[in-house]
Amino acid sequence: MAEIIDGKIVAAEVVEGVKKSAAALAAHGVKPGLAVVIVGEDPASQVYVANKSRTAKECGFLSVQHTLAAETSEADVVALVEKLNVDPSIHGILVQLPLPAHIDAGKIIQTIAPDKDVDGFHFINVGKLATGEVDTALVPCTPFGSMLLIERKHGKDLSGLSAVVVGRSNIVGKPMAHLLLAANATVTIAHSRTKDLPALCRTADILVAAVGRPEMVKGDWVKPGATVIDVGINRIPAPDKGDGKSRLVGDVEFASAAKVAGAITPVPGGVGPMTIAMLMANTLVSAHRHAGLEYKG
Ligand code: NDP
């Protein structure tokens with residue numbers, strides 16, 4: 001049976017470290033500030049934003065939430081982001097996605113000042129990551145957190161290990177692949193047009209699933225002893241729990257994969273908790289950079 005990689009524990013450690021570092025920053029008169037912008041009333045987004053704001057407060061940050069009505073114009077969202085860009089008390093700006101259909105999410109993301117782009121989606125940060133400038137980039141939180149879990153298992157140097165990332169989104173798959181490459185893994189990115197995905201997955205020492213398809217990756221897709229990182233979060237019906245009930249599952253069929261893997265992240269409790277922790281870490285890094293201080297995280 002595989003070792004279970006407990007993201008809750010690692011995330012709590014990251015948040016503890018952030019709290020201590022934020023307290024040390026106070027000696028320099030700096031309080032990290034995170035601004036979260038939410039447009040509309042998507043219930044899942046509201047839960048995510050509330051969790052982010054709460055954790056920021058726990059870390060001793062200035063936590064500002066801007067809740068805008070669903071019909072807010074694109075120009076008004078741009079104007080708010082531009083205001084936050086020049087606000088010296090704010091070091092991290094996060095615009096919660098998805099945005100209502102009349103707002104161009106790409107335009108809003110590219111309006112965020114790259115040095116406050118704690119989601120790491122701005123072209124400048126994407127480009128830095130793609131060119132191996134990881135130390136000066138702001139790295140997208142979910143792959144960054146996944147990478148930390150991989151580091152806990154394999155260390156920072158993945159030389160000689162093969163990694164397969166299933167999924168090529170800009171939010172998870174591609175940045176994940178760049179991080180693995182920067183750590184010297186030999187990386188393959190798979191997607192919906194990949195031929196014989198199970199066979200490809202079986203070549204991976206490190207297998208990352210970021211597909212959005214419940215329990216797609218089966219145990220017999222996993223190389224014996226591999227490390228499996230399940231990024232997926234899927235809600236599926238659970239009639240066994242009662243009428244209308246549901247449960248969260250990943251993109252990996254946990255029961256079968258855990259019998260073959262060397263280590264595996266559960267869902268929930270694996271990559272999920274890491275995402276918010278890395279958002280805090282990114283905001284802290286940004287606050288250090290804005291103050292001209294080195295962050296030794
Ligand atoms: P996207 O829908 O943007 O991307 C999914 C990717 O999976 C695409 O590249 C797609 O290929 C590929 N794919 C879809 N079906 C198949 C298939 N049958 N075989 C092979 N590849 C396939 O999703 P995201 O990257 O945004 O998210 C992926 C998962 O991670 C989701 O479950 C999401 O909920 C979860 N997630 C979790 C987070 C966390 O905090 N833990 C944060 C963000 C996401 P193609 O490009 O060819 O269409």
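Rules and cut-offs
Residues numbered from 1 in each chain as written. Predicted model: local features only at pLDDT ≥ 70, side-chain atom pairs only at ≥ 80, totals over all residues. Heavy atoms only, no water. Near = heavy atom within 4 Å. Polar contact = N/O pair within 3.5 Å; in protein donor to acceptor, adjacent residues only side chain to side chain. Areas by Shrake-Rupley, 256 points an atom, 1.4 Å probe, with all protein chains shown as cover. Nonpolar A, V, L, I, M, F, W, Y, C, P; charged D, E, K, R; others polar. Helix = DSSP H or I, 4+ residues; strand = E, 2+ residues; numbered from the N terminus. Contact = heavy atoms within 4.5 Å. Pairing = 2+ DSSP bridges. Axes fitted to C-alpha atoms, helices over the stretch in contact; angles between N-to-C directions. Domains from an automatic or database assignment. Expected span 1.5 Å × (residues − 1). Buried < 20%, exposed > 50% of the residue type's maximum accessible area, 1.4 Å probe, protein only. Salt bridge = Lys/Arg side-chain N within 4 Å of Asp/Glu carboxyl O.

Colleague: Before we move on, can you summarise the site of the ligand with the specific residues and values?
Modeller: Close to the ligand lie 21 residues; R168, S169, S192, R213 and T275 are nearest. In this structure, I233 approaches the ligand through a main-chain N or O atom, which is 3.1 Å from an oxygen atom. Its free accessible area being 930 Å², the ligand has 70% of it covered by the protein chains. Across the shell around the ligand, the residue classes break down as eight nonpolar, 10 polar and three charged.

Colleague: Residue-level account of the side chain of T227, with values.
Modeller: Among the secondary structure elements, T227 is positioned in strand β8 (residues 227-230). A polar contact of 2.7 Å, which involves the side chain of T227, links it to the side chain of H154. Not counting chain neighbours up to four residues away, the residues in contact with T227 comprise I5, K153, H154, D205, I206, L207 and A263.

Colleague: Describe the sheet that holds strand β6 (residues 186-190), with residues and values.
Modeller: Spatial strand order, β1-β11-β8-β7-β5-β6: six strands in an open sheet with parallel pairing. Every other strand in the sheet has two partners, leaving β1 (3-4) and β6 as the edge strands with one partner each. Pairing geometry for β1 and strand β11 (residues 263-264), over two bridges, is parallel. Bridge assignment links E3 to a residue of β11, and that residue is A263. Helix-sheet contacts for helix α6 (residues 141-154) involve β1, β7 (206-209), β8 and β11, and the interaxial angle to β8 is about 165 degrees. Against the sheet, helix α7 (residues 173-182) makes contact with β5 (162-166), β6 and β7, and its axis sits at roughly 170 degrees relative to β5, the strand it touches most.

Colleague: Account for the sheet that holds strand β3 (residues 62-68), with residues named and values stated.
Modeller: The strand order across the open sheet built from three strands is β3-β2-β4, with neighbouring strands paired in parallel fashion. Edge strands, defined here as strands with exactly one partner in the open sheet, are β3 and β4 (92-95). The mean angle between the axes of side-by-side strands here comes to 15 degrees, regardless of whether they run parallel or antiparallel. Inspection of the sheet shows strand β2 (residues 33-39) paired to β4 by four bridges, in the parallel sense. Each residue of the ladder has a partner; that of L34, found in β4, is G92. Of the strands in this sheet, β2, β3 and β4 touch helix α2 (residues 43-58), which is tilted by about 170 degrees from β2.

Colleague: Before we move on, could you go through the pairing of β3 and cite the residues and values that matter?
Modeller: By the bridge criterion, seven bridges tie β2 to β3 in an arrangement that is parallel. Across the sheet, V39 pairs through a bridge with L68, a residue of β3.

Colleague: Quick rundown of the domain arrangement of the protein chain? Include the residues and the values.
Modeller: If you check the domain split of the protein chain, you get domain 1 (28-113) and domain 2 (141-272). Averaged C-alpha coordinates put domain 1 and domain 2 at centres separated by 29 Å.

Colleague: Quick rundown of α6? Include the residues and the values.
Modeller: The end-to-end C-alpha distance of α6, which contains 14 residues, comes to 20 Å, matching closely the 20 Å that a straight helix rising 1.5 Å per residue would cover. Where α6 is concerned, the buried positions are C141, T142, P143, G145, S146, M147, L148, L149 and I150. Taken together, the buried residues of α6 touch α1 (7-26), α7, β7, β8 and α10 (271-290). Of the residues flanking the end of α6, it is G155, one or two places downstream, whose phi is positive at about 80 degrees.

Colleague: So, the pattern of salt bridges: which residues are in play, and what are the values?
Modeller: Counting across every chain of the model gives nine salt bridges. A salt bridge links R54 to E58; its shortest N-O distance comes to 3.3 Å. On the criterion of helical spacing, the pair formed by R54 and E58 is a turn pair, its members being four residues apart in helix α2. By relative accessible area, R54 is classed as partly exposed at 45%. Between E151 and K156 there is a salt bridge whose closest N-O contact spans 3.4 Å.

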